[in-house]
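The lines below spell out each chain.
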Amino acid sequence: MVGKTTTGVTIRQLQIFREVLRAGSERHAAKILKITQPAVSQQIRQLELEVDLVLFARENNRLVPTDRAWDLLRSVDGALQSVDRIARSMAALRNEEPGSLSLAAPGVFCLNAIPRAIQAVRKSNPLSFQIRSGSYQQIAEHVLNGRADLGVSRLPLDERAFEWAPAATATNVCLFQAGHRLAAKDVVTPEDIIGEALVDIEPQFAAHQMNINALRYRGVEPDIAVEYDANGHDVGFVAAGVGISIINSLIAREYRQFGLEFRPFEPGAIYHYVVFWQRGRQLTTGMRQTVNELVGVFTAT
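Residues numbered from 1 in each chain as written. Predicted model: local features only at pLDDT ≥ 70, side-chain atom pairs only at ≥ 80, totals over all residues. Heavy atoms only, no water.

Taking an unreviewed UniProt entry as the reference, the chain is identified by name as LysR family transcriptional regulator belonging to Rhizobium vallis. According to the UniProt record, the Sequence similarities (unreviewed entry) comment for the chain reads "Belongs to the LysR transcriptional regulatory family." (UniProt positions renumbered as here; feature names shortened; annotations may be inferred.)

Visitor: Help me understand helix H2 (residues 26–33), please; the structure alone is not making it clear to me.
Guide: An α-helix turns once per 3.6 residues; consequently, residues spaced three or four apart project the same way. Residues Glu26, Ala29, Ala30 and Leu33 constitute the buried set of H2. Buried residues of H2 fall within an arc of 100° about the axis and therefore sit on the same side. Relative to its buried face, H2 has exposed residues pointing more than 90 degrees away, namely Arg27 and Lys31. Buried residues along H2 sit against helix H1 (11–23), helix H3 (37–51) and strand S2 (62–65). Phi for Lys34, located one or two positions after H2, is positive at around 60°. (Buried < 20%, exposed > 50% of the residue type's maximum accessible area, 1.4 Å probe, protein only. Helix = DSSP H or I, 4+ residues; strand = E, 2+ residues; numbered from the N terminus. Arc of directions from axis to C-beta. Contact = heavy atoms within 4.5 Å.)

Visitor: How do you make sense of the packing of aromatic side chains when you look at a structure like this?
Guide: The description of an aromatic ring pair uses the distance of the two centres, along with the angle that the planes make with each other. In this structure the tally under the stated criterion is six aromatic pairs. A centroid spacing of 5.1 Å and a plane angle of 85° characterise the contact between Phe109 and Phe298, whose relative ring orientation is edge-to-face. Of this pair, Phe109 sits in the loop between strand S3 (100–104) and helix H5 (113–122) while Phe298 is found in helix H10 (residues 285–300), placing the two residues 189 residues apart along the sequence. Here a set of aromatic residues connected by ring pairs shows up, and it is made of Phe109, Tyr136, Tyr273 and Phe298. (Phe/Tyr/Trp six-rings, centres within 6.5 Å; stacked < 30°, edge-to-face > 60°.)

Visitor: Before we go on, may I ask you to explain the nonpolar core in this structure?
Guide: A general trend in soluble globular proteins is that nonpolar side chains are found buried together. One finds Phe109, Val152, Ile247, Leu294 and Phe298 to be the most contacted residues of the largest nonpolar core, which totals 43 residues. If you count residues domain by domain, this core takes at least three from each of domain 2 (100–161 + 273–300) and domain 3 (168–271). Those residues in contact with Ile247, other than ones at most four positions away along the chain, are Thr171, Asn172, Val173, Leu175, Tyr228, Asp234, Ala252 and Tyr255. (Core = buried A, V, L, I, M, F, W, Y, C linked by side-chain atoms within 4.5 Å. Domains from an automatic or database assignment.)

Visitor: Would you take a moment to explain the environment of Ala178 for this structure?
Guide: Within the fold, Ala178 resides in the loop between strand S6 (162–176) and strand S7 (197–201). As for Ala178 and Leu260, which are separated by 82 residues in sequence, their C-alpha atoms are 5.2 Å apart.

Visitor: Could you clarify how one ought to interpret the packing of H1 against H2 in this entry?
Guide: A pair of packed helices is captured by two measures, namely the crossing angle of their axes and the spacing between those axes. With their axes 8 Å apart at the nearest point, H1 and H2 run at an angle of 120° to one another. When the axes of H1 and H2 are compared, the pair comes out oblique. At the point where H1 passes H2, the crossing takes the right-handed sense. Here Arg12, Ile16, Glu19, Val20 and Ala23 of H1 lie close against H2, whose contacting residues are His28, Ala29, Ile32 and Leu33. Among the residues making up the contact of H1 with H2, the classes are represented as six nonpolar, one polar and two charged. (Axes fitted to C-alpha atoms, helices over the stretch in contact; angles between N-to-C directions. Parallel < 35°, antiparallel > 145°, perpendicular 65-115°, else oblique. Left-handed = near helix turned anticlockwise from the far one by under 90°. Nonpolar A, V, L, I, M, F, W, Y, C, P; charged D, E, K, R; others polar.)

Visitor: It is not clear to me how the confidence of the model for the chain should be interpreted in this structure. Could you clarify?
Guide: When pLDDT drops low, the exact placement of atoms in the prediction is not to be read closely. Per-residue confidence for the chain averages 86 on the pLDDT scale, and 87% of its residues sit at or above 70. With pLDDT under 50 throughout, residues 1–6 is counted as low confidence; its partners more than four residues away or in other chains account for twelve contacts. (pLDDT = per-residue confidence, 0-100.)

In structure tokens, the structure reads:
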């Protein structure tokens, strides 16, 4: 999609500029963009002339971004993402399959579920994937603002903005090292973890309040050894024997390669996970295939 800004800078020049910064070199950017390296160099030089800024220092045949380059990227990136979204929507209307797909999901699901789904997709479809992570709120914003084609999150989501396919239901579990005394329990309760050090999510998350309040309700002051701010940061501490953790069953299954065990924890909550996209968006063949594979992987875990 080529157009001109009021300064004479083309959208294509800005897209190439962005890719050079992302890829770290003209050579890698050319490969990603499927154009020649001289074409990339020419467009970058023309862009610098149009904006009258030195965007790169030339050192040993390499482009080194200046501070002005990063400032320009921050200024135009949002607009370029909108252009990307329009291009993808037009491709979908023409029933064309883009070569890449962007997926936003909690980083913890990149341990097992998402790699398995992508592997299944790529057996029959040579899509390349861009993965964006963040909090559940950030993931929703990625999809809403067009930075991601699909997202993996848990309900509630705004049904006015999104459509989704149910993927999995999870409940609270207690995670611990293999051979821990809690392995003898069918269900772990707050009384069972008295005296145990906890690896717990930060107080700003509702899960923290549920876990801690359950202990305090029974007159037990929790021994919090480590607090973390994103799911997936807990597993290393539990595997190292620092403490136990109260998480949900879908996340616990992502940790299968660590040799840990988990048991249902009560009182607990129920979490409904979905694969979602912008409401009204026409899904390409690759998007539908990715949705189906993600749902299948999460259902099977």
